[in-house]
Amino acid sequence: MKMHLLGLTAALAVFGFASAAAQAAEPATCAAAVTHDPVVMRLGKDEFRIAFGVGGERCASEGCDGVIRYHASWKTEDGASRSDTKLLSYSVPRGASRTVAVDRHYFDTAEGKHTTDIVQVNVDDVSCSDNVAMR
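Residues numbered from 1 in each chain as written. Predicted model: local features only at pLDDT ≥ 70, side-chain atom pairs only at ≥ 80, totals over all residues. Heavy atoms only, no water.

*Asks:* Residue-level account of the overall build of the protein chain, with values.
*Replies:* Counting secondary structure elements, the protein chain contains 2 helices and 7 strands. Helices (α) and strands (β) of the protein chain occur, in sequence order from the N terminus, as α-β-β-β-β-β-β-β-α. A fraction of 68% describes how many contacts in the protein chain between residues 6 or more apart in sequence connect residues 24 or more apart. (Helix = DSSP H or I, 4+ residues; strand = E, 2+ residues; numbered from the N terminus. Contact = heavy atoms within 4.5 Å.)

As structure tokens, this is what we get:
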């Protein structure tokens, strides 16, 4: 009976250490995040700017950089619908707790011949890395 109890205690101890090691190996959560819905600005029939507010309070001491992956759905006046997945880099400078990242797009199926409307913009992912690791 003592042998089984010691075996069980040893197994639990090993499992506990393995669990702690697995938790330590998990990637840290991103220090930055998109803080609001993206702002879409029309500049022409098919030209847009899409702005993202990025909050990075935990980036303030050393800054951080990353990429926003987002999905934009749009349609033309003749009814054609499309969607694109885009990547946009951002940088939160040292000493700042937020930034703005702006992307420029031309959405059309015929190079400016149609008036285009953006239907929806969704943020899929925000990645980041501390600038300390880059030095």
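*Asks:* If you had to explain the environment of Leu 88 to someone new, which residues and values would you point to?
*Replies:* Mapped onto the elements, Leu 88 comes out in strand β5 (residues 81-92). Assessed through its relative accessible area of 9%, Leu 88 is described here as buried. C-alpha separation for the pair Leu 88 and Val 67, spaced 21 residues apart in sequence, amounts to 5.4 Å. Dropping the residues within four chain positions of it, Leu 88 is found in contact with Phe 52, Gly 66, Val 67, Ile 68, Tyr 70, Ala 101, Val 102 and Asp 103. (Buried < 20%, exposed > 50% of the residue type's maximum accessible area, 1.4 Å probe, protein only.)

*Asks:* Before we move on, could you go through the state of the cysteines and cite the residues and values that matter?
*Replies:* Applying the stated criterion across every chain, the model contains 1 disulfide. Note that Cys 59 is cross-linked by a disulfide to Cys 64, the S-S spacing being 2.0 Å. Residues Cys 59 and Cys 64 share a disulfide whose torsion about the S-S bond is about 75°; that sign makes it right-handed. With respect to burial, Cys 59 and Cys 64 carry one shared label: buried. (Disulfide = S-S within 2.5 Å.)

*Asks:* Provide a residue-level description of the nonpolar core, including the pertinent values.
*Replies:* If you look at the biggest cluster of nonpolar residues, it comprises 21 residues, and the most contacted ones within it are Tyr 70 and Tyr 90. Of all the elements in the fold, those that place two or more residues in this core are β3 (47-55), β4 (64-76), β5 and β7 (116-130). Take this core: its biggest share by element is 5 residues, from β4. Other than its neighbours up to four places away in sequence, Tyr 70 contacts Ile 50, Phe 52, Asp 84, Thr 85, Lys 86, Leu 88, Asp 103, His 105, Val 121, Asn 122, Val 123 and Asp 124. (Core = buried A, V, L, I, M, F, W, Y, C linked by side-chain atoms within 4.5 Å.)

*Asks:* Would you mind going over the packing of aromatic side chains in detail, with residue names and values included?
*Replies:* Considering all chains together, one arrives at 3 aromatic pairs under this definition. A centroid spacing of 6.0 Å and a plane angle of 55° characterise the contact between Phe 48 and Phe 107, whose relative ring orientation is tilted. One end of the pair, Phe 48, is in strand β3; the other, Phe 107, is in the loop between β6 (98-106) and β7, and 59 residues separate them in sequence. Like Phe 107, Phe 48 is buried. Relative to Tyr 70, the ring of Phe 52 has its centre 4.8 Å away and its plane inclined at 50°; by these criteria the two rings are tilted. (Phe/Tyr/Trp six-rings, centres within 6.5 Å; stacked < 30°, edge-to-face > 60°.)

*Asks:* How would you sum up the side chain of His 105? Please name residues and give values.
*Replies:* Position of His 105 among the secondary structure elements: in strand β6. The class of His 105 is buried, set by a relative accessible area of 7%. For His 105, the side chain forms a polar contact with the side chain of Asp 103, separated by 3.0 Å. Setting aside anything within four residues of it in sequence, one finds His 105 in contact with Asp 46, Glu 47, Phe 48, Ile 50, Tyr 70 and Lys 86. (Polar contact = N/O pair within 3.5 Å; in protein donor to acceptor, adjacent residues only side chain to side chain.)

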